[in-house]
Amino acid sequence: MVKTALQFAILYVLMVLTQVIVFNHICLFGYAVPLVFIYVIIKLPVTLGVNWVLTISFLLGLTIDIFSDTQGMNSLACTILGLLRKPVLHLYFPREDEMSTPQPSFRSLGVAVYLKYIFSISLIYCTLFFLIETFSFFNPLRLFIKIASSTLLTFIIIIAIDSLTSRRREKRL
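Residues numbered from 1 in each chain as written. Predicted model: local features only at pLDDT ≥ 70, side-chain atom pairs only at ≥ 80, totals over all residues. Heavy atoms only, no water.

Peer 1: Lay out the packing of helix H3 (residues 50–68) against helix H4 (residues 73–92) in plain terms, naming residues and giving numbers.
Peer 2: It is the contact of H3 with H4, at a shortest axis distance of 7 Å, that shows an interaxial angle of 155°. Between H3 and H4, the interaxial angle falls into the category roughly antiparallel. Considering only the axes of H3 and H4, their crossing is right-handed. Between H3 and H4, the contacting residues are Val53, Leu54, Ser57, Phe58, Gly61, Leu62, Ile64 and Asp65 on the first element and Met73, Asn74, Ser75, Cys78, Thr79, Gly82, Leu83 and Arg85 on the second. Here the residues of the contact of H3 with H4 are counted per class, giving eight nonpolar, six polar and two charged. (Axes fitted to C-alpha atoms, helices over the stretch in contact; angles between N-to-C directions. Helix = DSSP H or I, 4+ residues; strand = E, 2+ residues; numbered from the N terminus. Parallel < 35°, antiparallel > 145°, perpendicular 65-115°, else oblique. Left-handed = near helix turned anticlockwise from the far one by under 90°. Contact = heavy atoms within 4.5 Å. Nonpolar A, V, L, I, M, F, W, Y, C, P; charged D, E, K, R; others polar.)

Peer 1: Can you tell me about the packing of aromatic side chains, naming the residues and giving the values?
Peer 2: As enumerated under the stated definition, the model contains six aromatic pairs in all. Ring centres of Tyr114 and Tyr117 lie 6.4 Å apart, and the angle between their planes is 35°; this geometry places the pair in the tilted category. One end of the pair, Tyr114, and the other, Tyr117, are both in helix H6 (residues 111–134), three residues apart, so they sit about a helical turn from each other. Residue Tyr114 shares its accessibility class with Tyr117, and that shared class is buried. (Phe/Tyr/Trp six-rings, centres within 6.5 Å; stacked < 30°, edge-to-face > 60°. Buried < 20%, exposed > 50% of the residue type's maximum accessible area, 1.4 Å probe, protein only.)

Peer 1: Summarise H4; cite the residues concerned and give the values.
Peer 2: Relative to the 28 Å expected for 20 residues at 1.5 Å per residue, H4 spans 28 Å between its end C-alpha atoms, a close match to the ideal helical length. When the local axis directions of H4 are compared, the greatest deviation, roughly 40°, occurs at Leu84, which is followed within four positions by the proline Pro87. Every buried residue of H4 is accounted for by Met73, Asn74, Ser75, Ala77, Cys78, Leu81, Gly82, Arg85, Val88 and Leu89. Buried residues along H4 sit in contact with helix H2 (39–42), H3, helix H5 (106–109) and H6. (Expected span 1.5 Å × (residues − 1). Bend = angle between axes of the 7 residues up to and from the residue.)

Take a look at the structure:
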């Protein structure tokens, strides 16, 4: 339990640092912004209580808000994402007891389900974030392009990060 908490604390700090130092300075074609710090929320164990998930999500968003000067936009979007995380997972994987580990991963959910889960979480977060940022539907095409491109970029980078951090349990000959 302590080992898992320490791993998540290290993941939290690393994702915040990489978001603030690297990914906040990337904006492809004026639209796509990678919001990869949500990987912490994605990897939270399914067995973790709702209060803990909401607290961690809010603190994650607040930390990013402090360093990014976004006045609570990430806090609100992360808190809502923390609330929607479990229902989204149950949409694709209805039974928690069939998971090999309580932490969502390629191994515990399967490749297709895990990819759908990550894409859905990325889409929800980017939609919430850009709707809160824009706070209007004045230019819906620009809003849609920002949401779609940021979701795709976030999804690709999260998959890359997950493939780097996941443990290889296969034997190599």
